[in-house]
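Listed below are the residues making up each chain.
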Amino acid sequence: MELTAQFLLSALSAAQFPAPDVPEIAFLGRSNVGKSSLLNALVGEKAAKVSSTPGRTRAINFFNLAARNRQARLVFADLPGYGYAKISKSISATWPAFIEPYLAGRATLALCICLVDANVPPQASDRQLLEWLRSAGREFVVVATKVDRLSGNERTRNLAALKKGLGLDDILPASSKTRHGIRELWALIESVAAANRES
Ligand SMILES: Nc1nc2c(ncn2[C@@H]2O[C@H](COP(=O)(O)OP(=O)(O)OP(=O)(O)O)[C@@H](O)[C@H]2O)c(=O)[nH]1
Ligand SMILES: [Mg+2]
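Computed from a predicted model, the values in this text were never measured in an experiment.

J.: Explain the packing of aromatic side chains here, please?
T.: The description of an aromatic ring pair uses the distance of the two centres, along with the angle that the planes make with each other. Per the stated rule, a full pass over the model turns up seven aromatic pairs. On the numbers, 6.2 Å between centres and 50 degrees between planes, the contact of Phe17 with Phe98 is tilted. Here Phe98 lies in the loop between strand E4 (74-78) and helix H2 (99-105) and Phe17 lies in the loop between strand E1 (4-11) and strand E2 (24-29), a separation of 81 residues in the sequence. Here Phe17 falls in the buried class, since its relative accessible area comes to 16%. Residue class for Phe98 comes out buried when judged on its relative accessible area of 10%. Residues Phe62 and Tyr102 carry aromatic rings whose centres are separated by 6.3 Å and whose planes lie at 65 degrees to one another, so their mutual orientation is edge-to-face. On the criterion of sequence distance, the pair formed by Phe62 in strand E3 (residues 60-66) and Tyr102 in helix H2 is long-range, its members being 40 residues apart. Relative accessible area serves as the criterion here: at 0%, Phe62 is assigned to the buried category.

Procedures and definitions
- Residues numbered from 1 in each chain as written.
- Chains lettered and ligands numbered in written order.
- Predicted model: local features only at pLDDT ≥ 70, side-chain atom pairs only at ≥ 80, totals over all residues.
- Heavy atoms only, no water.
- Phe/Tyr/Trp six-rings, centres within 6.5 Å; stacked < 30°, edge-to-face > 60°.
- Helix = DSSP H or I, 4+ residues; strand = E, 2+ residues; numbered from the N terminus.
- Buried < 20%, exposed > 50% of the residue type's maximum accessible area, 1.4 Å probe, protein only.

Written as C-alpha cells, this is what we have:
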C-alpha cells in the first residue's frame, strides 16, 4: 500500500505528544547517524529535516503515515540524537529528560528502529541504549546505516564487528542514498504494525 507522510507535530515535553491512536515506530541513534534521512528514504519524500549540524534536533518530531485521504495507519517518531557528551546514569546526559519516559511509557510504541553507523566501530552509548531497551522489554531492530560508503569486504567485516560488539543476532544493513535495505525495513515495519493492531 502506498503511504505518504505528513508532519504532525514537534514535541518538547510529554504533554505535547499526539494522542496514542495508531502503532508508532521510533527512530533512535547517535547524532548524525542518519535517522531523518532513513525516515525520508522510507517515505520517499523530504518529510524530516536532514541536519548539516549534528545534534540540532531537540524535539521528537511526529509524522502521520496514511494512504491518500485516509486516516493515519502508522506514526513515525524521529527522536533527537544522543552521544554528544559523556554518558550519565540515564542513557545520555545530552538527551532531553522526556525521552526516557517516552520510551518507557508510550502505549502505542510498537518498534524502535535503532540506527548505528556501519562505518563506525561499536559505541558504548549504543550498547547502553540497547541494554536499556532490552530491560524495558521494548521491541527493537538495529539498522546499520550508510553502507554505501563501504566496499563489500569492509561491509561484511564491520557488520560482524557491530553484531558482536552490540550483542545482536541480527543487523539490517541500509543506505538512504542507494535505498539498500529499505524494502526489508518496510516489510518489518508493516508486520510489526499489523501485529500491534490485532492485539
Ligand atoms: N553516504 C550516506 N550519507 C548519509 C546517509 N544517511 C545520512 N547521511 C548523511 O549523514 C548526515 C546526517 O544525516 P541526518 O539524517 O540528518 O542524521 P540524524 O541522525 O537525523 O541527525 P540528528 O537529527 O542531528 O541527530 C547528512 O549529511 C546526511 O546526508 C546514507 O545512507 N549514506
Ligand atoms: Mg535528525
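Let's pick the thread back up.
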